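# Remarks on the overall topology
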Amino acid sequence: MIALLIVLLTPVAGALVLAVLRPLGPAGWLNVTVSTITFAAAAWLTWTVAASGEIAGYSFRVDDFNVYLVALTAFIGLTTSIFSRPYMRHVCETGLTRKRGMRIYHAMYQAFMFTMLLALTTDNLGVLWVAVEGATLATVLLVSLYRTPEAVEAAWKYFILCGVGIALALFGTVLTYFAAQHVIADPSAGLTWSTLYRHAGHLEPAVMRLAFVFLLVGYGTKVGLVPMHQWLPDAHSEGPTPMSAVLSGLLLNVALYAVVRLKMLVDGSLAASDAPHLAGYLLMGFGMVSFLVASLFLHRQRDIKRMFSYSSIEHMGLMTFAFGLGGPLATFGALLHMLVHSFTKSAIFVTVGHATHIAGTQRIDHIRGLIRTQPAVGWSLLIAVAAIAGFPPFGVFTSEFLLLTATMQAQPWLTVALLGGLAVAFAGLFRNLHPMVYGAAPEGQKPVRANMLPVAIHLALVLWLGLAIPGFLAQWLDRATELITGSHLL
Amino acid sequence: MDHLLTAVAWGAALLQALLYAALAPLLVGWIRKLKSRLQNRRGAPVLQPYRDLRKLLLKEARVAHTASPLFRAAPYIVFVATWLAAATVPLVAVSLPTAAIADIIVLVGLLALARFFLALAGMDVGTAFGGMGASREMLVSALAEPAMLMAVFTLAMSAHSTNLASVIDYQLGAFALRPSFLFALGGLILVALAETGRIPVDNPATHLELTMIHEAMLLEYSGRHLALMEWAAQIKLLLYGALIANIFFPWGIARSFAPADLGIGLAAVMLKLFVLGAALALGETVLAKMRLFRAPAFLNLALLLALLGLLSQVILEVGT
Amino acid sequence: MSITELPLLQQIVLVLAAIVLFTSFVLLAQARLVAAIHAFAWQGALVAAVTTVVAATGQTPHLYFSALLTLALKALLIPWMLHRLTRRLAIDRHVESLRRPALVIMAAVALVIFSYWLVLPIVQQELAYTRNIVAISLAVVLIGLLMMVFRQQAVAQVLGFMSMENGLFLAAVSATAGMPLVVELGVAFDVLVAMVLFGVFFFQIRDSIDSLNVDRLNRLTETTEEDVAGEGG
């Protein structure tokens, strides 16, 4: 419990201090320090859960499913804060934003980490909603940090669309509570996930069906499922690059986590009804559509960050599809995919940040010859894109392979669509990447100071996970799979 | 059914019809008096409309040489139709013989008949004002009628009948604070304002071209024709007032023909009309007349209220 | 059971809920911004009134606190903040009418019918008198959504969003006799923070496009051919 308390309270304290700390240099370092402490506490928490099973109490619950997401969130928060320190200093010096904006940036960064960790560790569906909405609110000002018309527009779209989606999710939560009231006598326990999960079989199927539709549309907006994805490319591309990294790498995961938790409830409730796999089919439908639409839209993009945002939508669609497919194989693959996608995508956005600094623009047409100007950046981009496109031996290949196997076992014809989408996305990514990395560098393009260590660590981890998943991680994911689907894979 | 055929019942029905004709100018006089007081004038006496009617009846009726027989017949048709419509609306007692035809649809139909002939008469002489008034009146009533019918259906859905007497009986028996009736009341008030030509839809005291609707159609009439038309308009106002008062606030209306009950019924309805008249006078003083092209928005609001009443009836009030 | 068998307080709840729906319509079609803010304040006050009466009839005392919170937040604080913002932005005399009011109102009525159709089967088993109000609350949420779609003024869109929150609160009160207090406080806090952020946003939007008509925020679409990418941040 103590570890959990530290994990949650450190970002809060950090946010409060950073809100008043004026000088930029110390603020950057404090951000890194706070993130380090959070990560250390998260590692401790993970160790405790791995050793002695789940921790539950005071409406918090850390079990095998969310503990690794907590560790992942803290880790990527740490590496991104390391990247963000010199990067935002450079941004401030080039005048894209003012010093006062930096205070908000750092404070909201930590507040954002807090809301995500709260959403991951809470056992109360209402608090989950409050935390996810809080995450939106924390990042909305950051997307418009640069105050360009495009940034303001992106932030407004983000705010409005996510706000609407989240409101629908609240209605779904109310309906869930309504269903719970008939089954659970104690009104204050009606929103506790663990209690609901125990009584899932008794929850009224008609109510849970309707509730799940609202919850899927609501939280699905935050996952970036088509057709509620309109905010994602704008918000991820117009905000500062560290923001894009954490939004793509972490917030989408948290929203998907919420959807999967609720799916577990709904599956229990619908198991005895006449449409027991409704939740799964809905997830598969949304996931497949998002995956295909995003891979097609990838080709049209002219802005590098928008292109990678569509790649995020595509991968989230893939994960949603996998969770919808159900079964131990697909779920294991989806959990692994959440892990490797976060690592790779945040690494990509960090590299892209450096690339746009070198080229001075975000337009793909104007970024050329990265490998000649600064080989570290060029090679990182190449490797990272290869990783995200699903090249072996990277981890993304492993998880996608697991997913394809599961699809072939359950729904063979959908494998064709999946392979097609993967191929289209692959083509789109490399078509745009090739001239960026290998093209003729324009005159006067100079290398920039870039700390590629976080990127290297992330890519190394992804490679490691692709070559040989360590035993303890495999066991861990297996336990999480059992929690979600009820059966082991290994 | 025996009691309906008795002489007492028919006598009461006749008495009610005569009361309508007799009380209508009093209501208008009361409203005018109160409006004057609110505008810091002393105003004409409350019985002045009677004197005006008597004066007009005694005067010579001049008819334009371009007028057709319709022009002479129209005042009588309008007056009789309106009076007949009014006679069906329970004023003092509920279970009169006229209750058999006191169907709301019949009421709407009779009023439409009266309006039809009024508009025709306005266009008959060929003057610009008459035609203009007729087209404006048709605009307003074309939009008001769906709203009225929708409000009526809301009431009918609760009482399971469109007969006014049944609705009032139902209300007396099973009164509850219903959202649908609340909305229907709002809608009916707005429709009543539009149909009787009061502010904010039409100014009954104006003769300016830009602002006339009802007055424009009467412009060519004089003498006894004008008296009948004016009286018909006053009876229409009393009709709507009685409708609203007795359906939505039915307490006090007589359910038998005992003189005591009838007396209470008369006192109750006069009190309700007193209050409604005061409310109308206050409303007319506080509100300004809307421009004509905003009348559709006003009537759409009435339609919306009536529609919401219907929806509330189905959603909120129907139990399993 | 039909409405005539309910005690008076419960009938009052139904009447108040129906008037909340009516304020939803008024908000949707109201052209003058200040009048729309007042309509929203009335909506908040009526929702608080519904909560109070439900608390009185159902003997759930914690709802009194929720009612007070809703009244303070939705009927007083947020309208006051919006009012202050419109004055500072100099748009308090702004009149923005819907392009096709009749169609929008008909769509709103269709949404009421849709939410009734959607919700009624699942609350059929309930015997509580508040079950039908769940349909009304979903209708208020959907009409708020409609308002956000069809109104082009940023402040009007915010009013639509807040109206959705009102509908959600009404749903919580009517379907479940209120959510746990912790959750209610969290939601209220979120709404307040959202309002503050909206206020900041109005100024940012106005500074960037010189108007608050969000239809003019249209640089970032899939069909723009222009160079709209940032400079590398």
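Residues numbered from 1 in each chain as written. Chains lettered and ligands numbered in written order. Predicted model: local features only at pLDDT ≥ 70, side-chain atom pairs only at ≥ 80, totals over all residues.

## Thoughts on the overall build of chain C
Looking only at helices and strands, one finds seven helices and zero strands in chain C. The order of α-helices and β-strands along chain C, N terminus first, is α-α-α-α-α-α-α. Counting over 233 residues, chain C shows a buried share of 54%. For chain C, restricting intrachain contacts to residue pairs at least 6 apart in sequence, the fraction spanning at least 24 positions comes to 71%. (Helix = DSSP H or I, 4+ residues; strand = E, 2+ residues; numbered from the N terminus. Buried ≥ 20, exposed ≤ 12 C-beta atoms within 10 Å, placed from the backbone. Contact = placed C-beta atoms within 7 Å.)

## A closer look at the overall build of chain A
Tallying secondary structure elements over chain A gives 19 helices and two strands in all. Radius of gyration (C-alpha) of chain A: 21 Å, near the 23 Å computed for a compact globule of 490 residues. For chain A, the C-alpha atoms occupy an extent of roughly 70 × 55 × 45 Å along the three principal directions. (Rg over C-alpha atoms; globule rule 2.2 N^0.38 Å.)

## Describing the interface of chain C and chain B
Facing 22 residues of chain C, the contacting portion of chain B comprises 18 residues. Take the side of chain C that touches chain B: its biggest share by element is nine residues, from helix α1 (residues 8-29) of chain C. Here the residues of the side of chain C that touches chain B are counted per class, giving 17 nonpolar, five polar and no charged. (Nonpolar A, V, L, I, M, F, W, Y, C, P; charged D, E, K, R; others polar.)

## Quick word on the environment of A:Val289
Here A:Val289 lies in helix α11 (residues 278-297). The spacing of A:Val289 and A:Phe321 is 32 residues in sequence and 9.2 Å in space, taken between C-alpha atoms.

## Digging into the nonpolar core
Membership of the largest hydrophobic core comes to 386 residues, with the highest contact counts inside it found for A:Val70, A:Val254, B:Ala306 and C:Val50. Ignoring any residue separated from it by four or fewer positions in sequence, one finds A:Val70 in contact with A:Val7, A:Ala42, A:Leu45, A:Val62, A:Leu117, A:Leu120 and A:Thr121. (Core = buried A, V, L, I, M, F, W, Y, C linked by C-beta atoms within 7 Å.)

## Looking at the confidence of the model for chain A
Of all residues in chain A, 100% have pLDDT values of 70 or greater, and the mean over the chain is 88. Looking across chain A, the model is least confident in strand β1 (residues 55-57) of chain A, with a mean pLDDT of 79, and most confident in helix α12 (residues 304-325) of chain A, with 93. (pLDDT = per-residue confidence, 0-100.)

## A few points about unusual backbone geometry
For residues that are not glycine, phi is negative in most cases, and the peptide bond is trans in most cases. Cis peptide bonds are those with omega within 30 degrees of zero, and the linkage from A:Pro392 to A:Pro393 qualifies with 0°. Residue placement: A:Pro393 occurs in the loop between α15 (375-389) and α16 (395-410). With an omega of 10°, the peptide bond running from B:Ile199 to B:Pro200 counts as cis. In this fold, B:Pro200 is placed in the loop between α8 (179-195) and α9 (214-218). For B:Asn40, which is not glycine, the phi torsion reads 70° and is therefore positive. Here B:Asn40 is to be found in the loop between α2 (7-38) and α3 (48-58).

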